[in-house]
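Report on the structure
What follows is each chain in one-letter form.
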Amino acid sequence: MHKIKPPWETKRKLIVKAEEETDPHFGHRPEERPIREHIKFGIINLDKPSGPSSHEVTAWVKRIMKIEKAGHGGTLEAQ
Amino acid sequence: MTGVLPIALAEATKIVQAILLSGKEYVCVMRLHAEMPEDRVRSVLNEFCGTIYQRPPVRASVKRRLRTRNIYYNTFLEINGRNVLFKVGCEAGTYIRKLCYDIGEALSCSAHMQELRRTRAGPFTENTNSITLHELSYLYSQWQETNDETIPKKFIQPMEKTLENLPKIYIRDSAVDAICHGANLAAPGVLSVETDIKPNQMTAVFTQKTEAVALAKSLASTEEILDMDHGLVAKTERVLMHRGVYPKMWRGGL
């Protein structure tokens, strides 16, 4: 059987086409975002418990975090 | 079913699409309907590696037509009576319940999925900053009480983490705001490109500060992008950054 490499094992190299400085006045490095923005553009790696549906778990996260919008990446069946 | 369920907050929900399309890993208990020798189970698990055909199950959210999925690995872990523990790395949209059923048919004893735990969704694994609902609720109240901003920085990760496995294109500050307004990426805006990009592939457009600007479909290969001095290199599919974060440096056409 032909083996296919998982995408998370792919190693890529960066090739520079042109050089230019970035202006520190605009934007932030992701790890240096002000806390409000850090949350707004944030993602939680949740360990889903057995029982509730992915949708319910997402609703709980919204309630705990007191935020209006959240979405999960890929339904895990309830059970 | 338990395990890795990345949850995107507020503006980061735009990125969910990238997680849905990324590969997954599961640890699964498959229950055989008759006892089978271990070597037979091992060899059938191996047969279900590579490209397999799969018809989505009755209760599925997609059309039930035969489709192909890539299985990166099916690793046998343990057999105990009729229970088989194995680890599967697979493409997005692979139904593990169906995989177990089909493995059971191939073993001619039939089988079903007994238990499932997702151990990876794209770059998110159960070992990298994964938290339970209890921990989340505890840490959130800790943060509210102490106002210690290092707490949320620990359990919330920047959305850029999601794009770790996508090929990236880094662009000039002057090209950022045009992309945020939905423009496609043109060659002069490109500063650096990752290797192995082929045309029509999902890529992530980044600033030099490594902020995600957009998800974009490549229109050329890495080599071609490096050679191009004009023309479009990627078609913007999903804008992730707000307008106005970087200055507007493009001329408004009519």
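Quick look at the structure, then. What you see is a predicted model, and the numbers here were worked out from it, not measured in a lab.

Many analyses report the size of an interface as the accessible area lost when the parts associate. In this complex, chain A contributes 63 residues to the contact, which on the side of chain B involves 85 residues. Three residues stand out in chain A for area buried against chain B, namely W8, I43 and N45 of chain A, and they jointly supply 13% of the buried area on that side. Connecting chain A to chain B are 3 salt bridges. Scanning the region where chain A abuts chain B turns up 39 residue pairs in polar contact (both at pLDDT 80 or more). Elements that contribute at least two residues to the side of chain A that touches chain B include exactly β1 (14-16), α1 (35-40), β2 (42-48), α2 (54-65) and β3 (70-72) of chain A. Class assignment of the residues belonging to the side of chain A that touches chain B gives a composition of 28 nonpolar, 16 polar and 19 charged. As paired strands, β2 of chain A and strand β8 (residues 157-158) of chain B are joined by 2 bridges and run antiparallel to one another.

The next subject is the packing of helix α2 (residues 38-47) of chain B against helix α3 (residues 96-107) of chain B. Residues and elements named next belong to chain B. At a minimum axis distance of 10 Å, the contact between α2 and α3 shows a crossing angle of 125°. As the angle between them shows, α2 and α3 are arranged oblique. Considering the relative orientation of α2 and α3, their crossing is right-handed. Residues R40, V41, V44 and L45 of α2 lie in contact with α3, whose contacting residues are I103, A106 and L107. The class makeup of the residues in the contact of α2 with α3 is 6 nonpolar, no polar and 1 charged.

Bringing the pairing of strand β11 (residues 190-194) of chain B into the picture now. In the case of a regular strand, side chains alternate between the two sheet surfaces. Along β11 of chain B, 5 of the 5 residues are buried, which leaves the element largely enclosed by surrounding structure. Bridge analysis of β1 of chain A against β11 of chain B gives 3 bridges, and the strand direction is antiparallel. Directly across from L14 of chain A, in β11 of chain B, lies its bridge partner E194 of chain B. Direction of pairing for strand β9 (residues 168-171) of chain B relative to β11 of chain B: antiparallel, over a ladder of 3 bridges. Paired with Y170 of chain B across the bridge in β11 of chain B is S192 of chain B.

Rules used in this analysis
As a convention, each chain's residues are numbered from 1 in the sequence order in which they are written. All chains are assigned letters beginning at A, and all ligands numbers beginning at 1, according to the order in which they are written. Local features in this predicted model are restricted to residues whose pLDDT is 70 or higher, and side-chain atom pairs enter the listing and the counts only when it is 80 or higher, whereas totals over whole chains, interfaces and linings include all residues. Excluded from the side-chain calculation are hydrogens and water; included are all heavy atoms of the structure. For this analysis, residues touch if any pair of their heavy atoms sits within 4.5 Å. Two parts placed together each lose some accessible area; with a 1.4 Å probe, that loss summed over both constitutes the buried area. Salt-bridge detection follows one rule: a side-chain nitrogen of Lys or Arg within 4 Å of a carboxyl oxygen of Asp or Glu. Any pair of nitrogen or oxygen atoms within 3.5 Å is treated as a polar contact; in protein, a donor-acceptor pairing is required on top of that, and neighbouring residues in sequence qualify only through side-chain atoms on both sides. Per the convention used, a helix needs a DSSP run of H or I reaching at least four residues, while a strand needs a run of E reaching at least two, with both numbered from the N terminus. Charged means Asp, Glu, Lys or Arg here, nonpolar means Ala, Val, Leu, Ile, Met, Phe, Trp, Tyr, Cys or Pro, and polar covers whatever is left, Gly included. At least two bridges found by DSSP between two strands is the condition for calling them paired. A fitted line through C-alpha atoms represents every axis, and for helices the fit uses only the stretch in contact; the resulting angles, taken between N-to-C directions, go from 0 to 180 degrees. Each angle gets one of four labels, with under 35 degrees taken as roughly parallel, over 145 as roughly antiparallel, 65 to 115 as roughly perpendicular, and the rest as oblique. Left-handed describes a crossing whose near helix is turned anticlockwise from the far helix through less than a right angle; right-handed describes the clockwise counterpart. A simple rule labels every residue: compare its accessible area, found with a 1.4 Å probe on the protein chains alone, to the largest value its type can have, and call it buried under 20%, exposed over 50%, or partly exposed in between.

Functional significance is not addressed by these values, which are geometric in nature.
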